[in-house]
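What follows is the residue order along each chain.
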Amino acid sequence: MSRRGAGTRVIHQALPPAMRDSVDEFAAHLAQVRNRSAHTVRAYAADLVSLLDHAVRMGCAEPADLELSVLRSWLAKQRTTGAAHSSSARRAAAVRTFSAWAHRSGLLATDVAAPLATPKARRELPVVLRADQAATLVEAPGDGGPSAPGSAGDAGAPEAATADDPVLLRDRALLELLYATGARVSEVCGLDATDVDHERLVIRVLGKGNRERTVPYGLPAQRAVDRWLAVGRPALAGPDSDRALFLGARGGRLHPTMARRIVAGYARAAGLPPTTPHGLRHSAATHLLDGGADLRAVQELLGHSSLASTQIYTHVSVERLRAAYRQAHPRA
């Protein structure tokens, strides 16, 4: 457990029983009823623990004692820590969600957070690779070329790797599939071999909220995945492999953390800007829109529940167009 997680657990255990129980019941509600991701549940629960600890210090003994002034005091205190604007927005959203739930559950007489304004998170334009840079990255683990520096044959193939090296084949298939589908790294690492439809060239992805979607991929990704499954995966497979599509060096399912190291390592070795799997997702979305793809089709491919989440990539495309205009037009 991280130091932050350990600290949250200690504070949680020190809360008055009614406060502690409300955290546990709220987290269960988010996970089981609202079907929120484990990451969201952890973040909201940690925010709530911090809020209730602050409330106890202000004289509250149970959720019914919460008042709007306590919520505002806590949010103001959080802002003084210099947290990112997005973190402040999430904390306000966590407070509002908890307050509404507690009111419906009878823990609060009124929805005390209803008047609370939720700051809008500033949407910064994601950094994306150019199409030629993306091609350089996904083709890096090929023909025994430069490999990504990493730990003992896992985060990138060995320096003297051959074209049939299983780690190199895995890395190539991983990079190709991340860029071809725009899927999240957790989604790609969660794929089973049976989730790949080789005839239709699609993968079956389980996304946020356990929503399943079908995402197509192209011929370069098909060749890389087929080669990995035929030559690379059997060499790494072991008792812990089960049906996982991508495997680590010890034969277990490849962890997203290691996948991030693989992407970063090959980008660094190829002299590209610092890149993450999410950067490849950004790049895929932007290149699709640049190529004329429909915004709603891109939304469906990415698994965004809201079109607003996808629209940021239209801004990226406009900015790229504007940059090209400024560089090329004589009257710019």
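Residues numbered from 1 in each chain as written. Predicted model: local features only at pLDDT ≥ 70, side-chain atom pairs only at ≥ 80, totals over all residues. Heavy atoms only, no water.

A. Broad picture of the confidence of the model for the chain. Per-residue pLDDT for the chain averages 84, and the proportion of residues at 70 or more is 81%. The model gives residues 143–153 a pLDDT under 50, and that stretch makes 26 contacts with residues more than four places away or in other chains. (pLDDT = per-residue confidence, 0-100. Contact = heavy atoms within 4.5 Å.)

B. Summary view of the environment of Ala 61. Assignment of secondary structure puts Ala 61 in the loop between helix H3 (38–57) and helix H4 (68–79). Looking at Ala 61, the relative accessible area reads 44%, which means it is partly exposed. Through-space distance from the C-alpha of Ala 61 to that of Ala 18 is 7.7 Å; in sequence the pair is 43 residues apart. Beyond its immediate chain neighbours, meaning those up to four positions away, Ala 61 contacts Pro 16 and Met 19. (Helix = DSSP H or I, 4+ residues; strand = E, 2+ residues; numbered from the N terminus. Buried < 20%, exposed > 50% of the residue type's maximum accessible area, 1.4 Å probe, protein only.)

C. Main features of unusual backbone geometry. Although it is not a glycine, Leu 201 sits at a positive phi angle of roughly 55 degrees. Tracing the backbone through its elements, the reader meets Leu 201 in the loop between strand E1 (196–197) and strand E2 (202–206). Phi angles above zero are rare outside glycine, and Asp 242 is one such case at about 50 degrees.

D. Quick look at the packing of aromatic side chains. Summed over the entire model, instances satisfying the criterion amount to four aromatic pairs. Considering the side-chain rings of Phe 26 and Trp 101, the 5.5 Å spacing of their centres and the 50 degrees angle between planes classify their relative orientation as tilted. Linking Phe 26 in helix H2 (residues 17–33) with Trp 101 in helix H5 (residues 85–104), this pair joins segments that are 75 residues apart in sequence. Ring geometry for Phe 98 and Trp 101: centres 5.8 Å apart, planes at 40 degrees, overall tilted. On the criterion of helical spacing, the pair formed by Phe 98 and Trp 101 is a turn pair, its members being three residues apart in helix H5. Assigned by exposure class, Phe 98 and Trp 101 land together as buried. Among the aromatic residues, ring-to-ring pairing joins Phe 26, Phe 98 and Trp 101 into one connected group. Directly above the aromatic system of Tyr 44 lies the positively charged group of Arg 36, at a separation of 5.7 Å from the ring centroid. (Phe/Tyr/Trp six-rings, centres within 6.5 Å; stacked < 30°, edge-to-face > 60°. Lys NZ or Arg CZ within 6 Å of the ring centre and 35° of its normal.)

E. Examining the packing of H4 against H5 more closely. In the contact formed by H4 and H5, the axes pass within 10 Å of each other and the chain directions differ by 160 degrees. Put simply, H4 runs roughly antiparallel to H5. Where H4 crosses over H5, the handedness of that crossing is right-handed. Within the contact between the two elements, H4 uses Leu 71, Trp 74, Leu 75, Gln 78 and Arg 79 and H5 uses Ser 88, Arg 91, Ala 92 and Val 95. Tallied by class, the residues present in the contact of H4 with H5 amount to five nonpolar, two polar and two charged. (Axes fitted to C-alpha atoms, helices over the stretch in contact; angles between N-to-C directions. Parallel < 35°, antiparallel > 145°, perpendicular 65-115°, else oblique. Left-handed = near helix turned anticlockwise from the far one by under 90°. Nonpolar A, V, L, I, M, F, W, Y, C, P; charged D, E, K, R; others polar.)

F. A look at the nonpolar core. Counting residues in each nonpolar core, the largest one holds 41 residues, and the members touching the most others are Leu 137, Leu 174, Leu 177, Ile 203, Trp 228, Phe 246 and Leu 254. Per-element tally for this core: the top contributor is helix H7 (residues 166–181), with seven residues. Once you skip the residues sitting within four places of it in the chain, Trp 228 turns out to touch Pro 166, Leu 169, Arg 170, Ala 173, Arg 233, Pro 234, Leu 236, Leu 245, Phe 246 and Leu 247. Val 70, Leu 75, Val 95 and Trp 101 belong to the second largest nonpolar core, which has 29 residues in total. (Core = buried A, V, L, I, M, F, W, Y, C linked by side-chain atoms within 4.5 Å.)

G. Seen up close, the sheet that holds E2. One open sheet holds the three strands; their spatial order is E1-E2-E3, and the pairing between them is antiparallel. The open sheet has two edge strands with one neighbour each: E1 and strand E3 (212–216). When E2 meets E3, the two strands line up antiparallel, connected through five bridges. Residue Leu 206 lies in a different strand from E3, and its bridge partner there is Glu 212. (Pairing = 2+ DSSP bridges.)

H. Broad picture of H4. Spanning 12 residues, H4 covers 17 Å between terminal C-alpha atoms, matching the ideal 16 Å at 1.5 Å per step. Restricting attention to buried positions, one finds in H4 the residues Val 70, Leu 71, Trp 74, Leu 75 and Gln 78. Buried residues in H4, looked at end-on, bunch into an arc of 130 degrees, giving them a common side. Next to the buried residues of H4 lie H3 and H5. (Expected span 1.5 Å × (residues − 1). Arc of directions from axis to C-beta.)

I. Fine view of the pattern of salt bridges. Within the structure shown, the criterion is met by 13 salt bridges. Here Arg 170 makes a salt bridge to Asp 171, at a shortest N to O gap of 2.8 Å. Residue classification places Arg 170 among the buried residues on the basis of a relative accessible area of 0%. The shortest N-O distance in the salt bridge between Arg 243 and Asp 192 comes to 3.6 Å. On the criterion of sequence distance, the pair formed by Arg 243 in the loop between helix H9 (219–236) and helix H10 (256–269) and Asp 192 in the loop between helix H8 (185–189) and E1 is long-range, its members being 51 residues apart. Linked through salt bridges whose partners overlap, the residues forming this network are Asp 47, Arg 90 and Arg 91. (Salt bridge = Lys/Arg side-chain N within 4 Å of Asp/Glu carboxyl O.)

J. Region of the structure containing the side chain of His 54. Along the chain, the position of His 54 falls in helix H3. Judged by its relative accessible area of 10%, His 54 is buried. With residues up to four places along the chain from it excluded, the contact list for His 54 reads Val 70, Ser 73, Trp 74 and Lys 77.

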